[in-house]
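# Structural overview for review
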Amino acid sequence: MDRQAYKKLMRGNGQLDYEIYLNTEQLLACQKEPEDLCNPDEMQFMIVHQIEELWMKLMATTLLDIDDEMRARNSFKALTLFRRVHICQEMMSQQLTLLETMSPKDYQRIRLLLGNGSGQESPGFRVLLKMPKDLWETFVDVYLEGGTRTVDQVYDTDYRHDDAYMIAEALAEFDEQFQKFRGDHMQLIYRSIGVGAKSLKGRSVEILDEGLRYKMFPELWQVRADMTDRWGGTYGKVRDKLDVKTSEPKHPSPH
Ligand code: HEM
C-alpha cells in the first residue's frame, strides 16, 4: 500500500464543514508523525492516553453541571448526567485493555521517551480527585438538608428510596468506578512493566496501593458497614447453620 497517500487521506484537508467544526486538522496533528514514532505501538500509546484525557475532561465538565443540578434539586437531570459520567468511567477502564496488545518489550522502547513523566501529572485525573469534596458539600446541603438528615436515615432508618438515596448511589457508583479504573490500571502496570517495578520517578509502583483503597465518599461506604453490624449482630459472631426446611425442628426427636 502507498503509505504516503494514505497518510494524506487520514489527515484530510481541514476544509469541509465536518473538519472545520471538529477542528480535525489540529486534532489529528496531536500525535507524532508515523515516521517519528519509536515503534508502531507508540501511536496507540499516545492515542489511548489522549482519549482518556478527553473522557476525563467530559466527566469533569459534566460534574460541574451535575453540581448545579443538585443545587437546584433537579434530581432526574442530575441522574441522567451521572449516567454519562459512569459510562465514561466504564470506557476508561475498558480502553486500558487496548494497551495489553503491546508487548512488554515494545513498551520498554516507548518508556525510554517518557522522561520522568507520571500519570499523577494528568490534568484530568487531578481535577477529578478534587471535585468529590465539593460534590459532597452540595449533597449534604441539599439532600441531607444542611445536615439535619443523616446518611443513616437515607439508607436505613428512614429509607424511602427517594432522590437523596438515588443521588447518594450515583456518587457511590462514581467512587466505585474510579476504584475500578485504578485497579485495572494497576493490572496494566503489572502486565507491562511487572509487579514491584519502579516508576519513572524512581518510586515503587506500590505507592499506588494507597489510591486503590481511597474512598471519595467514605460516609457512603461506612453506612453499609454500620447496617451490617446493626442487622447482622456483632462481627465475629458465628451464626447457626440454616435448616434445610426451616419449618422442621433442628434436632427432630426420634418419635
Ligand atoms: C503501559 C501502560 C501504562 C503504564 C506502564 C503505566 C504506569 C504507571 C505508573 C508506573 C504510575 C505511577 C507513577 C508514579 O509513581 O508517579 C502510573 C500512574 C498513573 N497512570 Fe499510568 N500507566 C500506563 C497507562 C496509563 C493510561 C492509559 C492512563 C490513562 C489515563 C494512565 C493514567 C495514570 C494515572 C491517572 C496515574 C496516577 C494513578 C493514581 O494516583 O492512583 N496510565 N502509571
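Residues numbered from 1 in each chain as written. Predicted model: local features only at pLDDT ≥ 70, side-chain atom pairs only at ≥ 80, totals over all residues. Heavy atoms only, no water.

This part takes up the overall build of the protein. Across its full length, the protein carries 11 helices and zero strands. Listed by position from the N terminus, the elements making up the protein come as α-α-α-α-α-α-α-α-α-α-α. Its C-alpha atoms put the protein at 90 × 50 × 40 Å along the principal axes. Among the 255 residues that make up the protein, the fraction classed as buried is 33%. Within the protein, counting contacts between residues at least 6 apart in sequence, those at least 24 apart form 68% of the total. The protein carries 34 positive and 42 negative side-chain charges, and their two centres are separated by 4 Å. (Helix = DSSP H or I, 4+ residues; strand = E, 2+ residues; numbered from the N terminus. Buried < 20%, exposed > 50% of the residue type's maximum accessible area, 1.4 Å probe, protein only. Contact = heavy atoms within 4.5 Å. Lys, Arg positive; Asp, Glu negative; His and termini not counted. Charge placed at Lys NZ, Arg CZ, Asp CG, Glu CD.)

Before going further, it helps to spend a moment on the site of the ligand. Neighbouring the ligand are 24 residues, the closest being S118, Q120, R182, H185 and R203. A distance of 2.6 Å separates an oxygen atom of the ligand from a polar side-chain atom of S118. Within the contact set of the ligand, an oxygen atom lies 3.0 Å away from a side-chain nitrogen or oxygen of S199. For the shell around the ligand, the secondary-structure elements that each account for two or more residues are helix 4 (41–71) and helix 9 (163–193). With six residues, the top contributor of residues to the shell around the ligand is helix 9. (Near = heavy atom within 4 Å. Polar contact = N/O pair within 3.5 Å; in protein donor to acceptor, adjacent residues only side chain to side chain.)

Moving on: the coordination of the iron atom of the ligand. Just one protein ligand coordinates the iron atom of the ligand, and it is H185 (NE2) at 2.1 Å. For H185, the location among the structural elements is in helix 9. (Donors = N, O, S within 2.8 Å, 3.2 Å for Na, K, Ca; no water.)

The next subject is the side chain of Q89. Here Q89 lies in helix 5 (residues 75–96). Beyond its immediate sequence surroundings of up to four residues, Q89 is in contact with M59, E173, F174, Q177 and F178.

Attention shifts here to helix 7 (residues 123–142). Within an α-helix, residues lying three or four positions from one another point in the same direction, as the helix has 3.6 residues per turn. For helix 7, spanning 20 residues, the distance from its first C-alpha to its last is 29 Å, which sits close to the expected 28 Å at 1.5 Å a residue. Along its length, helix 7 shows its largest kink, about 25 degrees, at M131, and proline P132 lies within four residues downstream of that point. All of the buried residues along helix 7 are G124, F125, L128, M131, P132, L135, W136, T138, F139 and V142. (Expected span 1.5 Å × (residues − 1). Bend = angle between axes of the 7 residues up to and from the residue.)

So, on to the domain arrangement of the protein. As far as domains go, the protein holds domain 1 (1–30) and domain 2 (39–232). Computed from C-alpha atoms alone, the centre-to-centre distance between domain 1 and domain 2 is 33 Å. (Domains from an automatic or database assignment.)

Mapped onto the elements, N39 comes out in the loop between helix 3 (24–27) and helix 4. Beyond its immediate sequence surroundings of up to four residues, N39 is in contact with D106, R109 and I110.

Glancing now at the packing of aromatic side chains. For any two aromatic rings, the description comes down to two numbers: the centre-to-centre distance and the angle of the planes. Enumeration according to the criterion identifies nine aromatic pairs in this entry. Between F174 and F178, the ring centres sit 6.2 Å apart and the planes meet at 55 degrees, which makes this aromatic pair tilted. Taken together, the residues span about one helical turn, with F174 and F178 both in helix 9 at a distance of four residues. No difference in accessibility class separates F174 from F178, as the two residues are buried. Ring pairing ties together the aromatic residues F125, F174, F178 and F181, which thus form one cluster. Lying over the aromatic face of W221, K215 brings its terminal NZ or CZ to 5.2 Å of the ring centre. The ring of W221 carries R224 above its face, with NZ or CZ at 5.2 Å from the centroid. (Phe/Tyr/Trp six-rings, centres within 6.5 Å; stacked < 30°, edge-to-face > 60°. Lys NZ or Arg CZ within 6 Å of the ring centre and 35° of its normal.)

Taken together, the side chains of M1, Y6, L9 and M10 make up a nonpolar region of the molecular surface, amounting to roughly 590 Å² of accessible area. Structurally, the position occupied by M1 is in the segment before helix 1 (3–11). For M1, a relative accessible area of 89% translates into the label exposed. (Patch = residues over 30% accessible without salt bridge, like charges linked within 9 Å, V, L, I, M, F, W, Y side chains within 5 Å. Areas by Shrake-Rupley, 256 points an atom, 1.4 Å probe, with all protein chains shown as cover. Salt bridge = Lys/Arg side-chain N within 4 Å of Asp/Glu carboxyl O.)

Now for the nonpolar core. Formed by 47 residues in total, the largest nonpolar core has its most connected members in L63, F139, Y155, L171 and L220. Mapped onto this core, the elements with two or more residues apiece are helix 4, helix 5, helix 6 (104–111), helix 7, helix 8 (151–157), helix 9 and helix 11 (218–232). In terms of residue count, helix 9 provides more of this core than any other element does, 11 residues in total. Those residues in contact with F139, other than ones at most four positions away along the chain, are M70, L144, A164, I167, A168 and L171. (Core = buried A, V, L, I, M, F, W, Y, C linked by side-chain atoms within 4.5 Å.)

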